[in-house]
Amino acid sequence: MKIRLFIPLFLLALIGPPSVHYLVKNRLRHNIRTFFKQRDYKFSAKSIEIKSGLQLVLNNSSLKNQDNEIKIGQINFKFAPKNLLALTFPARIELIKPVLSLNIKRKSSENSPADPSFFEKYYRQSGVKIKNGIIKVVTQNNEITFQNISGEKAPHKDMELFALLAQYEGKYGIWAAKKIKFRLNKINLKRFEIEYLKLIHKSGKDFDLKGQAELISKDIWDFSFKIQHYDNLFSLRGKTNLENNRIYLDGEGEGSLKSFTALFDPVSKLPVFFKKGFKGRFHSNFNLVWNNKLTAFSGKTELKNLITDQALIADHAVNWPNLTINSKLNRKTDKILLKNTINAGLRSPFFVQLAFQQNRLKMKARLNKVKCNDLFETIPESLIPHINTARLKGEVGFLFTSILPLDNLQDFNSHVQLMGNGCTVTKEPDKMDVRLLKEEVEVTLIDNKNRKVKRTLGNSDPKFSPWISLPKHLIDAFNSAEDVNFFKHGGFAWKMINKAIGFNLSEGKIVKGASTISQQTVKNLYLSGARTVSRKLEEAFLTLRLDKYLSKKRIFEIYLNIIEMGPELRGIRQGANLYFGKSPSFVNLLEAAHLAAIVPAPTFYYKMFKKSNVVPDFWARKIRDILKKMCLDKNLSWPQYYRAKKEEIIIKI
C-alpha cells in the first residue's frame, strides 16, 4: 500500500486592493476549480474571503472524486514576502474515504495559476506553518483521528508534521498513540516516528510499540520498531517494498514463555497445547524474507529454565534442560523445507526436517549415535519419575521418518531405524524390577480412581488362573480383540501405532490407543492410565524389559490375571464369575468374546449390565465382530463362527 498525505496548498496569483476583491475571488475560485477538475476532483467552498494584510480564508471547503472526499472547516493563507506563503489549519480536516492520493502532472505549457507546475514551483519556495489541527480519516470499517497537529515547512525544505495524539479504532481493536512525527516531500510521506503506541486488541490483550520508518528510495522503506507485551520485548529492523509487498526483516526477542504463550489465547487459533502450561525464558534472533508470502526464514532460539505443566506431557510439572534451537526455512515453487537443529547438551544434537510438498508433510528426525546413559540422563527426571534411577550402557542412535497426507490424515505412516550396538540396562529402576515377575510375586494394582487391589501372581492365590487352565478359545478371543500379533512382535506393534496416530490426527484429539498386551501389562502393574508423554516413555522402557526377561506365555498369563473387569475387580477369574458364575476354564466361545469385549471400558459396561442383564443388540453385534476377527486371524474356523452365531449368551450379573 502506497501511503500519501495530501495537504491542500493554494496560492493567490493576483492580489489587488479591496476595490478588486470581488474580481480576485472569482478568478481564484475559477483557477482552483480548473486545477482540481483536471485531476477528476471537484472543489467547492462555502465562502472565500480576502482580508487586508494579504490574507485569504477558505470556509467549509470540500474536495471530492469518485474514491475520496475531504471536508475542511477553515484554512487561513497569509502572504509573506520572505516565505511567499504561510498556511494554518485552526479547524478540522476530515477524510471521508481512504487516504487521498493526488498525482500532480503538467497538462498545460502555460505558466498560469491553473498549471500544476505553477503550484509546484511556489510550494517548493513557500514556508508553511500548521498548528492546532485535527485530521480525521474515516473509511468503511475504520476510523483514525490525529489531534493537536502542528508542523512547519521552510522554503525548499520538506514538510515536518507533529501529532501529539492519535487514535484508531477498527475490527481488531483500538490503537492509542502519542508524539507521532511525519516528514513529507511534496505530498508523499517520507519518514515517520512514533514515540509510543498501545494496541488494545478486542480480546483484551495489549501491546506497546515505538519506532520509525523512512523512505530511502522509490517505494522502499527502512524501518526499526520495538514491540512489547508485558515482559516480552521484540526488536524488528529491516526494509520493505510496499508496492511489491516484499519485506526483509531482522529481529530479536526475549521474554517470558508463560506470558508469550498466553498471548496466543485467544488472539491466535493455535492448538491448546501451545497456549498455556509453559514457564521459563526465551531469547530469539531471526531474519526472514517475505515476498507476498514467507519465502525464507532462519533463526536461533534459546530456552532457559523451561517448565511445562501441560496435561499432554505429564500430570505434573516437568523441569527441562536448557535448549537451543536453530531453524532454517526455504520455500521453492512447490516445496517448503524447514530444518531444525535441537541441542540439549548431548554430544550430538537432534536434527528435525519438515518438508511440505503436494499436500504431503514429510518429517525426518535423526539422532546420531550417542551413549545410552547420556541420552537417558538428558530426559528430565520429573518426566520419568518411576524409572529415572535406572542406568544404561552402550550406544544408540535413530532415524525416524513419517509421511502425513494432509488430505487424508488417517493414511499417516512412519518408520524407525535404530543405529549403534544398543542399550543394556546395568541398574534396574527402584521398585520396578520386571525380572521379579518370572516367579510368583505379590503386586498392588491401582486403578484410575486410586483404588488398590492386591494380587499374588501365582498358584498360591485362589483368584489366580494359570495359563494351563485357560481354554484356547478364551486366549484366542483376547488375542484377536487386543493384540493379534502379540506372539510375533517384540513388545510394540508399529502398524497399530501408525493407525492410531492417523486416526487421532483426523479426529483432532486422542481417542484411540495402540497398546499391545505387553504395554497393557506394564501399565496395569506399575503405571496410571493417563494419556501423557511421561507415561508412554516409562511404559516403553518397562515393556522392553518385560519382553526381554519374560516368556510370551507368562506375559499373557499375568495380563489375564490383572486386567480390570469392573470396580475393584481384577483378573479373568473374577470376570468370569461376575458375568457367568463360573471359572474361566468353563466359559464358552460367546462368553470368552464377551469378556474380551468389556476390557476397553470395564466400569462403564459393568454399570450397564448391572442395571439390566439383557444383552442389547449393539453388544450382540460387538461379540459377533470379535468372533469374525478370530476367523480372519485364523484363531477360529468359519463353521465354529456360524454355530456360535445361533447360540445365545446369558449374563448372570
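See the structure printed just above.
Please read these numbers as outputs of a predicted model, since none were measured by experiment.

Here we look at a nonpolar patch on the surface
On the surface, Val 416, Leu 418 and Trp 494 cluster together to form a nonpolar patch covering roughly 280 Å² of accessible area. Along the chain, Val 416 falls in strand 23 (residues 413-427). Classification of Val 416 as partly exposed rests on a relative accessible area of 31%.

Some words on the state of the cysteines
Inspection of the entire model under this criterion finds 1 disulfide. Bridging Cys 372 to Cys 423, the disulfide has an S-S length of 2.0 Å. As the torsion about the S-S bond is roughly -90°, the Cys 372-Cys 423 disulfide counts as left-handed. Residue Cys 372 is located in helix 4 (residues 372-378), and its partner Cys 423 is located in strand 23; the two are separated by 51 residues in the primary sequence. On the basis of relative accessible area, Cys 423 is assigned to the partly exposed category, the value being 39%.

A short note on the nonpolar core
The biggest cluster of nonpolar side chains holds 69 residues, and the ones touching the most others in it are Leu 437, Phe 478, Leu 595 and Leu 627. For this core, the leading source of residues is helix 11 (residues 589-597), giving 7 residues. Filtering out sequence-adjacent residues up to four positions away, Leu 595 remains in contact with Leu 474, Phe 478, Met 565, Ile 572, Gly 575, Ala 576, Tyr 579, Phe 580 and Val 587. In terms of nonpolar packing, the next biggest core, distinct from the first, is built from 36 residues, Ile 149, Phe 234, Leu 236 and Leu 306 among them.

Some points on the side chain of Ser 518
Its location among the elements puts Ser 518 in helix 7 (residues 517-526). You can call Ser 518 buried: its relative accessible area is 0%. Excluding its chain neighbours within four sequence positions, the residues that come into contact with Ser 518 are Phe 486, His 489, Gly 491, Thr 543, Leu 546, Asp 547, Lys 552 and Ile 555.

Observations concerning the environment of Glu 538
Within the secondary structure layout, Glu 538 lies in helix 8 (residues 533-549). Sequence spacing of Glu 538 and Ile 384 is 154 residues, and the spatial spacing of their C-alpha atoms is 6.0 Å. Sequence-distant contacts of Glu 538, defined by excluding residues within four places in its chain, comprise Ile 384, Pro 385, His 386, Ile 387 and Leu 527. Within polar-contact distance, the side chain of Glu 538 engages the backbone nitrogen of His 386 at 2.7 Å.

Some remarks on the environment of Asn 132
Topologically, Asn 132 is positioned in strand 6 (residues 128-138). According to the relative accessible area criterion, Asn 132 is exposed, its value standing at 54%.

Focus on the packing of helix 5 (residues 472-482) against helix 11
Axis separation between helix 5 and helix 11 bottoms out at 9 Å; the angle between their running directions is 40°. Comparing their axes, helix 11 and helix 5 come out oblique. Between helix 5 and helix 11 the crossing geometry is right-handed. Contacts between helix 5 and helix 11 involve His 473, Leu 474, Ala 477, Phe 478, Ala 481 and Glu 482 from the former and Leu 589, Ala 592, Ala 593, Leu 595 and Ala 596 from the latter. Residue classes in the contact of helix 5 with helix 11 are distributed as 9 nonpolar, 1 polar and 1 charged.

Brief notes about the pattern of salt bridges
Tallied over the entire structure, the rule returns 21 salt bridges. When the shortest N-O distance is used, the salt bridge between Glu 214 and Arg 191 registers 2.8 Å. Taken together, the residues span a long stretch of sequence, with Glu 214 in strand 11 (residues 206-217) and Arg 191 in strand 10 (residues 188-201) at a distance of 23 residues. In this structure Glu 214 comes out as partly exposed when scored by relative accessible area, which is 27%. Here Glu 557 makes a salt bridge to Arg 554, at a shortest N to O gap of 2.7 Å. On the criterion of helical spacing, the pair formed by Glu 557 and Arg 554 is a turn pair, its members being 3 residues apart in helix 9 (residues 552-562). Neither residue differs from the other here; Glu 557 and Arg 554 are each classed as buried. Here the residues in one salt-bridge network are Arg 191, Glu 193 and Glu 214, joined through shared partners.

Quick notes on helix 8
Counted at 1.5 Å a residue, the expected span for helix 8 with its 17 residues is 24 Å, and the 25 Å between its end C-alpha atoms agrees. Among all positions of helix 8, only Ser 534, Arg 535, Glu 538, Glu 539, Phe 541, Leu 542, Thr 543, Arg 545, Leu 546 and Asp 547 are buried. Looking at the buried positions of helix 8, the neighbouring elements they touch are helix 4, strand 23, helix 7 and helix 9.

Remarks on the packing of helix 7 against helix 8
At their nearest, the axes of helix 7 and helix 8 sit 9 Å apart, and the two run at 110° to each other. Accordingly, the angle class assigned to the pair helix 7 and helix 8 is roughly perpendicular. Relative to helix 8, helix 7 is oriented so that their crossing is right-handed. Here Ser 518, Gln 519, Thr 521, Val 522, Lys 523 and Tyr 526 of helix 7 lie close against helix 8, whose contacting residues are Arg 535, Lys 536, Glu 539, Leu 542, Thr 543, Leu 546 and Asp 547. Residue composition of the contact of helix 7 with helix 8, grouped by class: 4 nonpolar, 4 polar and 5 charged.

Criteria and cut-off values
Per chain, residue numbering runs from 1 following the sequence as it is written. Since the coordinates come from a predicted model, pLDDT governs what is reported: local features require at least 70, and pairs of side-chain atoms require 80 or more to be given and counted, while whole-chain, interface and lining totals use all residues. Hydrogens are left out, water is left out, and the side-chain values use all remaining heavy atoms of the structure. Patches here: salt-bridge-free residues with over 30% relative accessible area, like charges joined within 9 Å, nonpolar side chains (Val, Leu, Ile, Met, Phe, Trp, Tyr) joined within 5 Å. Using a 1.4 Å probe, the Shrake-Rupley method yields the accessible areas, and only the shown protein chains count as cover for residues. Salt bridges are defined as contacts in which a side-chain nitrogen from Lys or Arg sits within 4 Å of a carboxyl oxygen from Asp or Glu. Here a strand is any run of E in DSSP of at least two residues, a helix any run of H or I of at least four, and the numbering for each starts at the N terminus. Note on exposure labels: buried denotes an accessible area under 20% of the residue type's maximum, exposed denotes more than 50%, and partly exposed covers the range between, all computed with a 1.4 Å probe on protein chains only. Two cysteine sulfurs form a disulfide in these notes if their separation is within 2.5 Å. Working definition of a nonpolar core: buried Ala, Val, Leu, Ile, Met, Phe, Trp, Tyr and Cys residues. They are joined through side-chain atoms within 4.5 Å. Note on contacts: a residue pair qualifies if any of its non-hydrogen atoms lie within 4.5 Å across the two residues. Two N or O atoms count as a polar contact when they lie within 3.5 Å, although within protein this holds only if one can serve as hydrogen donor and the other as acceptor, and sequence-adjacent residues are included solely when both atoms are side-chain atoms. In this analysis, axes come from line fits to C-alpha atoms, helices being fitted only over the stretch in contact, and the angle between any two N-to-C directions falls in the range 0 to 180 degrees. Any angle that falls under 35 degrees is termed roughly parallel, while one over 145 is termed roughly antiparallel, one within 65 to 115 roughly perpendicular, and all others oblique. Here a crossing is called left-handed whenever its near helix is offset anticlockwise from the far helix by less than a right angle, and right-handed whenever the offset is clockwise. All residues other than Ala, Val, Leu, Ile, Met, Phe, Trp, Tyr, Cys, Pro, Asp, Glu, Lys and Arg, Gly among them, are scored as polar; the first ten of these are nonpolar and the last four charged. Multiply 1.5 Å by the residue count of a helix minus one, and that product is the helix's expected span.

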